[in-house]
Amino acid sequence: MAHHFLKMNGLGNDFVVLDLRREPFVLTDAIARAIADRETGIGCDQLITLEHPRHGGDVFMGIRNNDGGTVEACGNAARCIGKLMLDETGKDAVTIETLAGDTVATRAEGDEITVDMGAPRLDWNQIPLSEEFQDTRAIELEIGPLGAPIMHSPGVVNVGNPHAVFFVDDVDAIDLERSGPMLEHHPLFPERANISVAKVLSPTHIRIRTWERGAGLTRACGTAACAATVAAIRRRKTERKITVSLPGGDLTVEWLPDDENGYGHILMTGPVAFDYEGTLDPRLLTGAAA
């Protein structure tokens, strides 16, 4: 059987999308790595699978980083899949099931898509951290010389996956290719973490760069934009609805006020791009290089 794919991106965060509802096969770590390889495969930050819903949603979205590992959430991918499912179903809103929970996608102004990323998890054992911190707005963690750290006191938050957000004076001055892998695998993060540096430009605008867990430096990470927004609001640095500028472009993120059920949900709005489509080289389905 020929296996078709779509290539899509959200602000340059790019995906290979496979519809396993129509063309099922067993996706292994090796196959995912082979497809994601930019030299011998198709190349992508994440491999996304569309699968039959498991509990009443419109679709289940599987996510694998380019290292083959399964991850729970991806905000940019949720917008891409939201666009596909809104077009497929003709509905005004679609529910995308993920390992992190359900995400609802709707159309915004123009061709942009809004996704409800759910409520953040803020307790130390929900992020999770390997030791207890009563206040996760700024934990004890620093990189650099003793007494003069380059980065310190990140806010930590789980928005479907764990994030640490360092507020800095200049996001471009931080060597994330060096510090990102060290922090991703820091003993404080038993499930590893996405690492972002953020600069507050105004009460309604921040800029971030992200080292993504299992994927490396990325032009855009939707969950990092959400995490940075929550971290900034918790430290009273911004308003509740802001623009988040990433290397690939801008997202609008709003953290709704708390309600009777707990923390408010996070709404993320941004563009979706369709790049091209094709058929997988059969050799990729063996996990071999094309």
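The structure presented is a predicted model; accordingly, all values stated were derived computationally and were not measured. (Residues numbered from 1 in each chain as written. Predicted model: local features only at pLDDT ≥ 70, side-chain atom pairs only at ≥ 80, totals over all residues. Heavy atoms only, no water.)

### So, the environment of arginine 22
Within the secondary structure, arginine 22 is located in the loop between strand E2 (13–19) and helix H1 (29–36). With relative accessibility at 52%, the residue arginine 22 sits in the exposed group. Sequence spacing of arginine 22 and histidine 4 is 18 residues, and the spatial spacing of their C-alpha atoms is 9.7 Å. Within polar-contact distance, the side chain of arginine 22 engages the side chain of aspartate 19 at 2.2 Å. (Helix = DSSP H or I, 4+ residues; strand = E, 2+ residues; numbered from the N terminus. Buried < 20%, exposed > 50% of the residue type's maximum accessible area, 1.4 Å probe, protein only. Polar contact = N/O pair within 3.5 Å; in protein donor to acceptor, adjacent residues only side chain to side chain.)

### Points about the pairing of strand E7 (residues 113–116)
On E7, burial covers both faces: Ile113 and Val115 on one face and Thr114 and Asp116 on the other are all buried. The pairing of strand E6 (residues 101–107) with E7 spans 4 bridges and is classified as antiparallel. The residue of E7 that forms the bridge with alanine 105 is valine 115. In this structure, the hairpin formed by E6 and E7 is closed by a connection of 5 residues, where glycine 110 is found at a positive phi of approximately 65°. As paired strands, E7 and strand E17 (residues 266–270) are joined by 4 bridges and run antiparallel to one another. In the sheet register, valine 115 faces E17, and the bridge partner there is methionine 268. (Pairing = 2+ DSSP bridges.)

### What to know about the pairing of strand E4 (residues 59–65)
Both faces of the sheet carry side chains from a regular strand, because those side chains alternate between them. For E4, the buried fraction is high: 7 of the 7 residues fall into the buried class. Note: strand E3 (residues 46–51) against E4, 6 bridges, orientation antiparallel. In the strand pairing of E4, leucine 50 is matched with methionine 61. Two elements, E4 and strand E5 (residues 93–98), share 2 bridges in a ladder whose sense is parallel. In the strand pairing of E5, phenylalanine 60 is matched with glutamate 97.

### Concerning the packing of aromatic side chains
Summed over all chains, the structure comprises 2 aromatic pairs. Taking 6.5 Å as the distance between ring centres and 50° as the angle between the ring planes, the aromatic pair formed by tryptophan 255 and tyrosine 263 counts as tilted. The ring of phenylalanine 60 has arginine 54 lying over it, and the distance from NZ or CZ to the ring centre is 3.6 Å. Lysine 237 extends its terminal NZ or CZ atom over the ring of phenylalanine 167, reaching a point 5.1 Å from the ring centre. (Phe/Tyr/Trp six-rings, centres within 6.5 Å; stacked < 30°, edge-to-face > 60°. Lys NZ or Arg CZ within 6 Å of the ring centre and 35° of its normal.)

### Details of helix H3 (residues 176–184)
Buried within H3 are the following residues: Leu176, Ser179, Gly180, Leu183 and Glu184. Seen end-on, H3 carries its buried residues on one side only, within an arc spanning 130°. Exposed side of H3, more than 90 degrees from the buried face: Glu177 and Arg178 are the residues found there. Buried residues belonging to H3 abut strand E8 (142–143), strand E9 (151–152), strand E11 (162–167), strand E12 (194–202), strand E13 (205–212) and strand E14 (216–218). (Arc of directions from axis to C-beta. Contact = heavy atoms within 4.5 Å.)

In short, geometric facts, not functional conclusions.
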